[in-house]
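Here is how the chains run, residue by residue.
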Amino acid sequence: MEVINLQKIICVGIGGFIGATIRYLITINSAKLVNTNISLGTLIANVLGGFLIGIIMEISISTNLISSNMKLFLTTGLMGGLTTFSTFSYETINLISSGSYYLGTINICLNLFLSFGGIIASTFLCKTIF
């Protein structure tokens, strides 16, 4: 069992703070741009997070450019704070509970497929470059 490393905890905590702050800014700014029943901010955060984590993981696997602490900061911290499965789930259940089955299904499909698509696209991009 690994001893708890304070430096790693700080890396994750700072990354989480930054990621959550970015998610908040995305959410409030996207709400100003587009008025829709599906939360555009959550969708943008999840798709962006999927795309970025694909890049981070491919670079960390293919090169020595990302240290283990930086990987923790970027993946568990920053991407963990940025992406939001719990908010996505809550918003989807609210749509379905209010009788908006179609919008709930659209929300599920958009978040799932576009986030996966972001990971696939960024992984392919990185494999091409590295």
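Treat the numbers as computed from the prediction; the structure is a model and nothing was measured.

Analysis parameters
- Residue positions are given per chain, counted from 1 along the sequence in the order it is written.
- Local features in this predicted model are restricted to residues whose pLDDT is 70 or higher, and side-chain atom pairs enter the listing and the counts only when it is 80 or higher, whereas totals over whole chains, interfaces and linings include all residues.
- To obtain the side-chain values, all non-hydrogen atoms of the structure were used and water was disregarded.
- Each helix is a run of DSSP H or I of at least 4 residues and each strand a run of E of at least 2, with the numbering of both proceeding from the N terminus.
- What makes two residues a contact is simply this: any of their non-hydrogen atoms within 4.5 Å.
- Each axis is a line fitted through C-alpha atoms, taken for helices only over the stretch in contact, and angles between the N-to-C directions span 0 to 180 degrees.
- Less than a right angle of anticlockwise turn of the near helix away from the far helix marks a crossing as left-handed, whereas a clockwise turn marks it as right-handed.
- For this classification, Asp, Glu, Lys and Arg are treated as charged, while Ala, Val, Leu, Ile, Met, Phe, Trp, Tyr, Cys and Pro are nonpolar and the rest, including Gly, are polar.
- UniProt positions are given in the numbering used here, feature names are shortened, and annotations may be inferred rather than shown by experiment.

## So, the side chain of Thr 123
Mapping Thr 123 onto the fold places it in helix H5 (residues 101-129). For Thr 123, the residues in contact, after removing those within four places along its chain, are Gly 54 and Glu 58.

## Brief notes about the packing of helix H1 (residues 6-33) against helix H3 (residues 68-82)
Where H1 contacts H3, the axes come no closer than 6 Å and their chain directions differ by 35°. The interaxial crossing formed by H1 with H3 has right-handed handedness. When the residues that make up the contact of H1 with H3 are grouped by side-chain class, the tally is eleven nonpolar, eight polar and two charged.

## A short note on the UniProt feature "transmembrane region" (unreviewed entry) in the chain
Feature annotation in UniProt assigns "transmembrane region" (unreviewed entry) to the following positions: residues 9-26, 38-60, 72-90 and 102-126. Secondary structure content for residues 102-126 is 100% helix and 0% strand, while the C-alpha to C-alpha distance between its ends is 35 Å.

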